[in-house]
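Notes for the structure review
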Amino acid sequence: MTALLFPSVSERSSSDTVVQAANDRLQGRLCHASRLVDCNCNNGILLLQGHLRTYYQKQLAQEAVKGLDGVVQVINDIEVTGS
């Protein structure tokens, strides 16, 4: 139970590396809109959250992080605001 609540140092550093790589890719694809997307990684599951203007941007975000080392699943929980 404790391992789930408090990941090991190696798990945290691995997750931090994945999050940094995801943020770099988002910056390359979405430019300024990437500031509106938060990335979190836990046990190889990358969660994208935030708000973007279009479904196209939402899809770009998901495609940008697809295939990152250390990611086994991407959950795209980005909300499309339309404005």
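Everything in this summary refers to the structure shown in the same document. (Residues numbered from 1 in each chain as written. Predicted model: local features only at pLDDT ≥ 70, side-chain atom pairs only at ≥ 80, totals over all residues. Heavy atoms only, no water.)

With that settled, the discussion passes to the overall build of the protein chain. The helix and strand tally for the protein chain stands at three helices and three strands. Of the regular secondary structure in the protein chain, the N- to C-terminal order runs α-α-β-β-α-β. Across the 83 residues in the protein chain, those meeting the buried criterion constitute 30%. Restricting to contacts in the protein chain with at least 6 residues of sequence separation, those with at least 24 account for 60%. For the protein chain, the accessible area works out to roughly 5,600 Å², and carbon and sulfur atoms hold 52% of it. (Helix = DSSP H or I, 4+ residues; strand = E, 2+ residues; numbered from the N terminus. Buried < 20%, exposed > 50% of the residue type's maximum accessible area, 1.4 Å probe, protein only. Contact = heavy atoms within 4.5 Å. Areas by Shrake-Rupley, 256 points an atom, 1.4 Å probe, with all protein chains shown as cover.)

All right, on to the environment of leucine 60 then. Position of leucine 60 relative to the elements: it lies in helix 3 (residues 55-65). The spatial distance from the C-alpha of leucine 60 to the C-alpha of leucine 30 is 7.5 Å, given a sequence separation of 30 residues. Apart from the residues within four sequence positions on either side, leucine 60 is in contact with Arg29 and Leu30.

Right, let's talk about a nonpolar patch on the surface for a bit. Residues Ile45, Val72 and Ile75 make up a contiguous nonpolar surface patch of about 250 Å² in total accessible area. Along the chain, the position of valine 72 falls in the loop between helix 3 and strand 3 (73-80). Valine 72 gets classed as exposed once you look at its relative accessible area, which sits at 70%. (Patch = residues over 30% accessible without salt bridge, like charges linked within 9 Å, V, L, I, M, F, W, Y side chains within 5 Å. Salt bridge = Lys/Arg side-chain N within 4 Å of Asp/Glu carboxyl O.)

This paragraph deals with the environment of cysteine 41. Considering the arrangement of structural elements, one finds cysteine 41 in strand 1 (residues 37-42). In this structure the C-alpha to C-alpha distance between cysteine 41 and valine 74, which are 33 residues apart in sequence, comes to 9.2 Å. With residues near it in sequence (within four places) discarded, cysteine 41 still touches Ser15, Val18, Val19 and Leu46.

With that settled, consider the pairing of strand 3. For strand 2 (residues 45-52) and strand 3, the ladder comprises eight bridges, and the chain directions are parallel. What sits directly across from leucine 47, in strand 3, is isoleucine 75. Chirality of the crossover, the property in question, places the unit of strand 2, helix 3 and strand 3 among those that are right-handed. (Pairing = 2+ DSSP bridges. Right-handed = clockwise from strand over helix to strand, strands pointing away.)

Next up on the list: unusual backbone geometry. Its identity as a non-glycine residue notwithstanding, cysteine 31 has a phi of 50°, on the positive side. Relative to the helices and strands, cysteine 31 resides in the loop between helix 2 (9-30) and strand 1. You can call cysteine 31 partly exposed: its relative accessible area is 42%. We note that asparagine 43 has phi near 55°; this positive angle belongs to a residue other than glycine. Here asparagine 43 shows up in the loop between strand 1 and strand 2. Looking at asparagine 43, the relative accessible area reads 53%, which means it is exposed.

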